[in-house]
2 protein chains.
Amino acid sequence: MPTTEIPRDHESLLRGAALRVTRPRLAVLAAVDAHPHADTDSIIRAVRESLPDVSHQAVYDVLRALTGADLLRRIQPAGSVARYEARVGDNHHHVVCRTCGAIADVDCAVGHTPCLTASDDHGFVVDEAEVVYWGTCPTCATAPPSVTASSEGHR
Amino acid sequence: MPTTEIPRDHESLLRGAALRVTRPRLAVLAAVDAHPHADTDSIIRAVRESLPDVSHQAVYDVLRALTGADLLRRIQPAGSVARYEARVGDNHHHVVCRTCGAIADVDCAVGHTPCLTASDDHGFVVDEAEVVYWGTCPTCATAPPSVTASSEGHR
DNA sequence: ACACTTGTCTTGAATGCTTCAAGACAGCTT
DNA sequence: AAGCTGTCTTGAAGCATTCAAGACAAGTGT
């Protein structure tokens, strides 16, 4: 994973979305590519490895611009901060660990937006069905239940 | 049927969950019953109509206790604050309006936890599948786009 | 009934993610 | 190269939620 290389891929992505090509934007795209499902803070730290002086505000701004242009996807499971991923266009879902918050991708079980059909949509015009699988990741499942971690669920 | 009460009343619900019966808790249960999908602030205001002096902290605490006892369900669509509903036990999902944030219930399309089977669970032990349908509610669909709303972002 | 014990509520403050605002600056077009 | 427009920097505020410690009341046993 050559992080020093300037990926022309990202540049054309930005141009294709009619967005200006700036170093913070390229760095954010690279950071999200390198760290899927990373939260904003991780992205900021990753970006600052190549651009030490970017402001957090710039990152927030870039993330919003890229999300609005459908170059990035923002996911936010309940109880978690905002996270971003570069996989867009395909409709895939996520498994979230209740214990540690780890996220993994899950391709749609049936393959072609099956859940999009709600039984009764109450007149809503539905354009997306988001599925979140809640469970326990392998690491937390095998780890011995610590006092602090196990009592998180209900006190 | 001499002494048997319908266990629907809130007091027996609390006792059944080994929780003390207090006025704030009864008021919170009543408020959530009256306002499905209400956010914390709405619940606080509703509770204070009958108990003007409850602290917000008490409501947060009660909501956490009731959620932990599975008497309430906490839902939190991305970009929204925490909301609570009294329907528990059945696995139903939600439609969320992108514009105004309105939420409506949707019974599971297939009826018996169908989405629980992920194509590849990455070793996660999945115990729940949460589905959120994103779209536009009837009100926002018919409402003419306001100046402020249209300039928010292009989508 | 009475006091005891434990969990609940009140008060007050802090935390942290995210956004707002105004000016400086740089990318893109002519 | 000049100008325009959108982007980045700086600084600070907003708001939902949580933490902490003490006061208080709901259950429980004598």
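For clarity, every value in this text was computed on a predicted model and none was experimentally measured.

We now examine the protein's contact with DNA strand C. In the vicinity of DNA strand C there are 22 residues, among which Val21(A), Arg20(B), Thr22(B), Arg25(B) and Ser55(B) approach most closely. The sugar-phosphate share of atoms of DNA strand C within 4 Å of the protein amounts to 61%. The separation between a phosphate oxygen of DNA strand C and a polar main-chain atom of Ala82(A) is 3.0 Å. When contributions to the surface near DNA strand C are tallied by element, the ones reaching two or more residues are helix H4 (56–68) of chain A together with helix H2 (23–34) and helix H4 (56–68) of chain B.

Turning to the side chain of His93(B), a few remarks are in order. Residues and elements named next belong to chain B. In this fold, His93 is placed in strand E4 (residues 92–97). You can call His93 buried: its relative accessible area is 3%. Reaching out from His93, the side chain makes a polar contact with the backbone nitrogen of Val131 at a distance of 3.5 Å.

What follows covers the protein's contact with DNA strand D. Around DNA strand D sit 22 residues in total, of which Arg20(A), Thr22(A), Arg25(A), Val21(B) and Gln57(B) are the nearest. Between DNA strand D and the protein, one listed contact pairs a phosphate oxygen with a backbone N or O atom of Asp53(A) at 3.3 Å. Between DNA strand D and the protein, one listed contact pairs a phosphate oxygen with a backbone N or O atom of Val21(B) at 2.6 Å. Counting residues per element, the ones that place at least two in the surface near DNA strand D are helix H2 (23–34) and H4 of chain A together with H4 of chain B. Residue composition of the surface near DNA strand D, grouped by class: eight nonpolar, seven polar and seven charged.

What follows deals with helix H3 (residues 40–50) of chain B. All names here are of chain B. Those residues of H3 not exposed but buried are Thr40, Ile43, Ile44, Ala46 and Val47. Projected onto a plane normal to the axis of H3, the buried residues spread over an arc of 165 degrees and lie on a single side. The elements touched by buried residues of H3 are H2, strand E1 (38–39), H4 and strand E3 (83–85). N-capping of H3 is provided by Asp39, with a side-chain oxygen placed 3.0 Å from the backbone N of Asp41.

What follows covers the sheet that holds strand E2 (residues 73–75) of chain B. All names here are of chain B. Here we have three strands laid out as an open sheet, ordered E1-E3-E2, and antiparallel in their pairing. Since the sheet does not close on itself, it has two edges, and those belong to E1 and E2, each with one partner. By the bridge criterion, two bridges tie E1 to E3 in an arrangement that is antiparallel. Along E3, the bridge assignment pairs Ala38 with Tyr84.

Another aspect to go through is the pairing of strand E5 (residues 103–107) of chain B. Residues and elements named next belong to chain B. Taking burial as the measure, the five residues of E5 include four buried ones, the bulk of the element. Across five bridges, the pairing between E4 and E5 is antiparallel. When the sheet's bridge partners are listed, Val96 is paired in E5 with Ile103. Hairpin connection, E4 to E5: the antiparallel pair is bridged by five residues, and Gly101 has positive phi, about 85 degrees.

A separate point is the sheet that holds strand E2 (residues 73–75) of chain A. Residue and element names in this part refer to chain A. Read across the sheet, three strands follow the order E1-E3-E2 without closing on themselves; strand pairing throughout is antiparallel. For this open sheet the edge positions go to strand E1 (38–39) and E2, each flanked by a neighbour on one side alone. Here E2 pairs with strand E3 (residues 83–85) via three bridges, running antiparallel. Directly across from Arg73, in E3, lies its bridge partner Glu85.

Reading the values: the criteria
- Residues numbered from 1 in each chain as written.
- Chains lettered and ligands numbered in written order.
- Predicted model: local features only at pLDDT ≥ 70, side-chain atom pairs only at ≥ 80, totals over all residues.
- Heavy atoms only, no water.
- Near = heavy atom within 4 Å.
- Polar contact = N/O pair within 3.5 Å; in protein donor to acceptor, adjacent residues only side chain to side chain.
- Helix = DSSP H or I, 4+ residues; strand = E, 2+ residues; numbered from the N terminus.
- Buried < 20%, exposed > 50% of the residue type's maximum accessible area, 1.4 Å probe, protein only.
- Nonpolar A, V, L, I, M, F, W, Y, C, P; charged D, E, K, R; others polar.
- Arc of directions from axis to C-beta.
- Contact = heavy atoms within 4.5 Å.
- Pairing = 2+ DSSP bridges.

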